[in-house]
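Structural characterization, general
So the chains spell out like this:
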Amino acid sequence: MKKIRKLGILTGGGDCPGLNAVIRAVVHTAQREFGLEVCGIMDGYAGLIQKNVRKIELADVSGILPRGGTILGTSNRDNPFHYSDESPGGRKEHCDISAQAMATIEAHEIDVLLAVGGDGTQNIAQLFFEKYRLPVIGIPKTIDNDLNGTDVTFGFDTALNTATTAIDKLHSTAEAHHRVMVIEVMGRYAGWIALQSGLAGGGDVILIPEIPFQMDKVCAKIIRRAEKGKRFSLVVVAEGARAEGGELVVARQVNDASDPIRLGGIAARVGNQIEDMTGIESRYTILGHVQRGGSPTPYDRILATRFGYHAVVAAVNKEFGCLVGLRGNEIKTTPIKEAIAEPRRVDPESDLVKTAMAVGTCFGK
Ligand code: F6P
């Protein structure tokens, strides 16, 4: 393979705090340590389709470390291997325009593509790697923390902080009004945000996708608390949680996205059922995209910076088709193919779940 001179970087999928920190680390490491050029592909894979690629200099990444969002823009649509286009008749066509995206890579003489994203983004990176032998390095990000190949993704810690702060705020108003407060957090099909924010915020009930719940068990817990004089309860529910034998609650469909399902709305169902079944006044809050915003925590800034540095090192070492990830306290690489084989979900038998149960948390079982 020819000498590596230029790296391309894109941020794909839903944004999360820490993306700018990773971009900054990549640009600094590439230029200072290895004398490599970096160019940014705008708006995820859409930038390859629309030929929207810009050179990134050190000055461009100055001051971005504490900023949420991404200076490159992102998109959780625009899969070049399954691209949706509006045909003249108004019909959506799904076609493979990956060759067009590859032409952009070649026109800009990008030697290695650094793909920062969750499972959707890594899936596409893997397809480029397999179909075109494009040298790619994956960098795992997502507030959902549901990617394998790393113990934790950056963005998760900040989302966890936001969710815990929200639970703390709901705690005082729940107590004052003697109400049940149901808070819905994100996470897609994984319960990491709900479990950990619920534990940190002292949730009385935590409902996660990995443990389908029974409503009568949830209500029994709330009534037991009321009988002991605790006339309020906090219920933390993951957007992907569902009752035993029940369905996921879907908010909308985004047909040209890698995963078209957008979850949302379970909190309203759970809150209304609790009020009907216990007679205790209930309210619900859907925390939503606030979990993806804001300045990254120090943990996320450091993790993203480590990932950025190690991704450039992996590129220089030609570890193509690999994802950098945190293993214990070390950064290691794993084949992207292995990392995306299945999502990382909460183990219902894990120490975290057992600990939560030991301190009285009800999972609706
Ligand atoms: O994957 C990150 C995430 O925030 C999920 O937790 C959530 O289900 C989804 O993205 C929301 O996507 P959108 O930004 O398209 O509404």
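Residues numbered from 1 in each chain as written. Predicted model: local features only at pLDDT ≥ 70, side-chain atom pairs only at ≥ 80, totals over all residues. Heavy atoms only, no water.

A separate point is the domain arrangement of the protein chain. One frequently used descriptor of interface size is the decrease in accessible area upon assembly of the parts. Per the domain assignment, the segments of the protein chain are domain 1 (6–149 + 296–328) and domain 2 (156–292 + 347–358). Distance from the C-alpha centre of domain 1 to the C-alpha centre of domain 2: 32 Å. On the domain 2 side, the residues contacting the 22 residues of domain 1 number 19 residues. Interface of domain 1 and domain 2: buried area, both sides summed, is about 1,700 Å²; carbon and sulfur atoms make up 47% of it. (Domains from an automatic or database assignment. Contact = heavy atoms within 4.5 Å. Buried area = accessible area lost by both parts, 1.4 Å probe.)

This part takes up the packing of aromatic side chains. Under the criterion given, the structure shown has four aromatic pairs. Ring centres of phenylalanine 81 and phenylalanine 128 lie 4.8 Å apart, and the angle between their planes is 65 degrees; this geometry places the pair in the edge-to-face category. One end of the pair, phenylalanine 81, is in the loop between β3 (53–56) and β4 (83–86); the other, phenylalanine 128, is in helix α4 (residues 119–132), and 47 residues separate them in sequence. For the residue pair phenylalanine 81 and phenylalanine 128, the accessibility class agrees, reading buried in each case. Linked through ring pairs, Tyr45, Phe81, Phe128 and Tyr132 together constitute an aromatic cluster. In this structure, arginine 225 packs its charged tip against the face of phenylalanine 232, placed 5.1 Å from the ring centre. One Lys or Arg, arginine 344, reaches over the ring of tryptophan 192 and ends 4.4 Å from the middle of that ring. (Phe/Tyr/Trp six-rings, centres within 6.5 Å; stacked < 30°, edge-to-face > 60°. Helix = DSSP H or I, 4+ residues; strand = E, 2+ residues; numbered from the N terminus. Buried < 20%, exposed > 50% of the residue type's maximum accessible area, 1.4 Å probe, protein only. Lys NZ or Arg CZ within 6 Å of the ring centre and 35° of its normal.)

As a further point, take the sheet that holds strand β15 (residues 330–335). Spatially, β3-β2-β1-β6-β7-β14-β15 is the arrangement adopted by the seven strands of the open sheet, whose pairing is mixed. Strands at the two margins of the open sheet, each flanked by one partner only, are β3 and β15. Direction aside, the axes of adjacent strands within the sheet are offset by 30 degrees on average. Here strand β14 (residues 322–327) pairs with β15 via six bridges, running antiparallel. Following the sheet pairing, leucine 326 is matched in β15 by isoleucine 331. Contacting β1 (6–11), β6 (112–117), β7 (136–140) and β14, α4 runs over the sheet at an angle of about 160 degrees to β6. (Pairing = 2+ DSSP bridges. Axes fitted to C-alpha atoms, helices over the stretch in contact; angles between N-to-C directions.)

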